[in-house]
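Reading the structure
Listed here are the chains, written in short residue letters.
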Amino acid sequence: MTEDEYEQRMISLLTSTHPGWRYEQRDLPGLPKWWAIRYYPLRPDQRKAGARDVLGRTTLQRLVSALARHDEILHLLRY
């Protein structure tokens, strides 16, 4: 499997696992390569607990980890 095929498979998995997000890849110097952007804004209490509307990470694997942590935060708030 090529890296592109792996990335496409991971994005497909993320889309089915975390459907409330739009996923983007950007190749801009000094910025994370992978981004997840929420379709709907969070409530103030969710932001206060550490949830974010946008997550950016340098690798797809780190983005997956960040989304898992994000789910934990929302789960603790009974979202």
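The structure presented is a predicted model; accordingly, all values stated were derived computationally and were not measured.

Conventions we followed
Residues numbered from 1 in each chain as written. Predicted model: local features only at pLDDT ≥ 70, side-chain atom pairs only at ≥ 80, totals over all residues. Heavy atoms only, no water. Salt bridge = Lys/Arg side-chain N within 4 Å of Asp/Glu carboxyl O. Helix = DSSP H or I, 4+ residues; strand = E, 2+ residues; numbered from the N terminus. Pairing = 2+ DSSP bridges. Axes fitted to C-alpha atoms, helices over the stretch in contact; angles between N-to-C directions. Buried < 20%, exposed > 50% of the residue type's maximum accessible area, 1.4 Å probe, protein only. Parallel < 35°, antiparallel > 145°, perpendicular 65-115°, else oblique. Contact = heavy atoms within 4.5 Å. Nonpolar A, V, L, I, M, F, W, Y, C, P; charged D, E, K, R; others polar.

All right, on to the pattern of salt bridges then. The full count for this structure, using the stated rule, is five salt bridges. Of the charged contacts, one joins Glu24 and Arg26 as a salt bridge, the two residues approaching to 2.6 Å between their closest N and O atoms. Taking the shortest distance from any N to any O, the salt bridge between Glu72 and Arg69 comes out at 3.1 Å. With Glu72 and Arg69 both in helix α3 (residues 60–76), this residue pair falls three residues apart, about one helical turn.

The three strands are arranged β1-β2-β3 in an open sheet whose pairing can be described as antiparallel. On the outer flanks of this sheet lie β1 (21–25) and β3 (54–57), each paired with one strand and no other. Taking each pair of neighbouring strands and ignoring which way they run, the sheet shows an average axis angle of 15°. Two strands pair when backbone bridges link them, and β1 and strand β2 (residues 34–38) are joined in this way by five bridges, in the antiparallel orientation.

Along a regular strand, successive side chains alternate from one face of the sheet to the other. Within β2, five of the five residues are buried, which leaves the element mostly enclosed by the surrounding structure. Side chains of β2 alternate between two faces, with Trp34, Ala36 and Arg38 and Trp35 and Ile37 buried alike. Inspection of the sheet shows β2 paired to β3 by four bridges, in the antiparallel sense. Residue pairing for β3: Trp34 is matched across the bridge by Arg57.

Look at helix α1 (residues 3–17) against α3: their axes get within 11 Å of each other, and the N-to-C directions meet at 10°. The orientation of α1 relative to α3 falls into the category roughly parallel. Together, Tyr6, Glu7, Met10, Ile11 and Leu14 of α1 and Leu60, Gln61, Val64 and Leu67 of α3 make up the contact between the two elements. Classifying every residue of the contact of α1 with α3 by side-chain character gives seven nonpolar, one polar and one charged.

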